[in-house]
Amino acid sequence: MQNEEIMTGEMLVETVENQLAEGNPLKVKETLMRLMMTGTPREEAIQMIACALSVEVFDVVKNEGTFNLKRYSENLDALPDMPWEYEG
């Protein structure tokens, strides 16, 4: 896959906003509400969710695989911690 096909941060945020608007996956809205209820500003929460989404996008590109909804949900559950940043 060529570099221009990899999603930018702005595209990831737009994708998260689309997921919220469509209510799919529902876990995205649940995560946004949870983060905001604990004091995280909406924009920051969206950025965190986009980071969790980027893990999946990167894996799809790197391994030419399919989107792993289970892992995406697990990464959303971990927010605001981002344990995948420390994986080797």
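Residues numbered from 1 in each chain as written. Predicted model: local features only at pLDDT ≥ 70, side-chain atom pairs only at ≥ 80, totals over all residues. Heavy atoms only, no water.

### A closer look at the confidence of the model for the protein chain
Point 1. On average, residues of the protein chain score 89 in pLDDT, and 86% of them are at 70 or above.
Point 2. Across the protein chain, the secondary-structure element scoring lowest on mean pLDDT is helix H3 (residues 42-63), at 93, and the one scoring highest is helix H2 (residues 26-37), at 98. (pLDDT = per-residue confidence, 0-100. Helix = DSSP H or I, 4+ residues; strand = E, 2+ residues; numbered from the N terminus.)

### Comments concerning the environment of Met 36
Point 1. Looking at the secondary structure, you find Met 36 in helix H2.
Point 2. Owing to a relative accessible area of 36%, Met 36 belongs among the partly exposed residues under this scheme.
Point 3. Linking Met 36 and Ile 46, residues ten residues apart in sequence, is a C-alpha distance of 9.9 Å. (Buried < 20%, exposed > 50% of the residue type's maximum accessible area, 1.4 Å probe, protein only.)

### Here's the deal with the nonpolar core
Nonpolar side chains tend toward joint burial in soluble globular proteins.
Point 1. By size, the foremost hydrophobic cluster in this structure holds 19 residues, and its most contacted members are Val 16, Val 28, Ile 49, Tyr 72, Leu 76 and Leu 79.
Point 2. Secondary structure elements with two or more residues in this core: helix H1 (9-22), H2, H3 and helix H4 (69-78).
Point 3. No other element matches the eight residues that H3 contributes to this core. (Core = buried A, V, L, I, M, F, W, Y, C linked by side-chain atoms within 4.5 Å.)

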